[in-house]
Structures are given as C-alpha cells and as structure tokens.
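Listed here are the chains, written in short residue letters.
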Amino acid sequence: MSLEDKAKATAKNIEGKAQEALGNVTGDPKDKAEGKAKQAESEVRHAVEDVKDNVKKKID
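Thresholds, definitions, all that
Each chain has its residues counted from 1, following the order in which its sequence is written. A pLDDT threshold of at least 70 governs which residues receive local features in this predicted model, and a stricter bar of 80 or more applies before side-chain atom pairs are shown or counted, although totals over entire chains, interfaces and linings include all residues. The basis for the side-chain values is all heavy atoms of the structure; hydrogens and waters are excluded. Only DSSP runs of H or I reaching four residues or more are called helices, and only runs of E reaching two or more are called strands; each is numbered from the N terminus. We compute the radius of gyration from the C-alpha atoms alone; for a globule the expected value is 2.2 Å times N to the 0.38, where N is the number of residues. Exposure categories follow from relative accessible area, calculated using a 1.4 Å probe and restricted to protein chains: below 20% of the type maximum is buried, above 50% is exposed, and the middle band is partly exposed. By definition in these notes, contact holds between two residues if any of their heavy atoms fall within 4.5 Å. What sets the accessible areas is the Shrake-Rupley method with a 1.4 Å probe; for residues, cover comes only from the shown protein chains. Charged-residue counts in this description rest on Lys and Arg as positive and Asp and Glu as negative, His and the chain ends being excluded. A single reference atom marks each charge: NZ on Lys, CZ on Arg, CG on Asp, CD on Glu. One less than the number of residues in a helix, times 1.5 Å, gives the span that helix is expected to have. UniProt positions are given in the numbering used here, feature names are shortened, and annotations may be inferred rather than shown by experiment.

Participant: Explain the overall build of the protein here, please?
Facilitator: Scanning the protein from terminus to terminus reveals two helices and zero strands. Its C-alpha atoms give the protein a radius of gyration of 14 Å, clearly above 10 Å, the size a compact globule of 60 residues would have. In terms of its C-alpha atoms, the protein occupies a principal-axis envelope of roughly 50 × 15 × 10 Å. A burial count over the protein gives 20% of its 60 residues as buried. In the protein, 51% of the contacts between residues at least 6 apart in sequence involve partners at least 24 apart. When the accessible surface of the protein is summed, it comes to about 4400 Å², and 58% of that surface belongs to carbon and sulfur atoms. When the 13 basic and 13 acidic side-chain charges of the protein are each reduced to a single mean position, those positions are 2 Å apart.

Participant: Could you clarify how one ought to interpret helix α1 (residues 3–26) in this entry?
Facilitator: Turn by turn, an α-helix covers 3.6 residues, leaving residues three or four places apart pointing in a common direction. Here α1 is 24 residues long and its end C-alpha atoms lie 34 Å apart, about the 34 Å a rise of 1.5 Å per residue gives. Taken together, the buried positions of α1 are occupied by A9, K12, G16, Q19, E20 and G23. Turning to α1, the residues buried within the fold contact α2 (29–59). With its phi angle positive at about 80°, G27 sits one or two positions after the end of α1.

Participant: Looking at this structure, I do not really get the UniProt feature "domain: CsbD-like" (unreviewed entry) in the protein. What am I missing?
Facilitator: Mapped onto the present numbering, the UniProt feature "domain: CsbD-like" (unreviewed entry) falls at residues 5–57. From the first C-alpha to the last, residues 5–57 spans 18 Å; its make-up is 96% helix and 0% strand.

Okay, structure coming up:
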C-alpha cells in the first residue's frame with residue numbers, strides 16, 4: 001500500500017469516527033450514519049490496497 005493511500009484511508013477512518021461520535025453526542029442519526037459510511041469506505045480502501053500489495057508481491 002502506498003504511504004499516501006494508506007494515510008488517506010486512515011484519515012477517512014478518523015473522520016468517520018469523529019462524525020459518528022458527534023452524531024452520538026448530538027443524537028443526529030444522519031451524522032452517525034455518515035460517520036459509519038466513511039469508516040466502511042476506509043475499510044474498503046485498505047482492502048483494495050492490500051490486494052494490490054499481494055498481487056505486486058506475487059508478480060515480483
């Protein structure tokens with residue numbers, strides 16, 4: 001995983017956790033849902049990069 005892509009995915013995860021926490025504090029279900037969606041997006045980004053890394057290792 002490139003360092004830049006990993007940093008972006010981690011930032012998206014942190015952003016999602018913060019938004020979900022804000023939704024929990026304010027009781028806003030939209031913020032909670034959007035925060036969870038951002039966390040899920042981060043997990044997908046990490047998974048895609050892991051697949052890329054594994055393919056690259058097999059090719060090398």
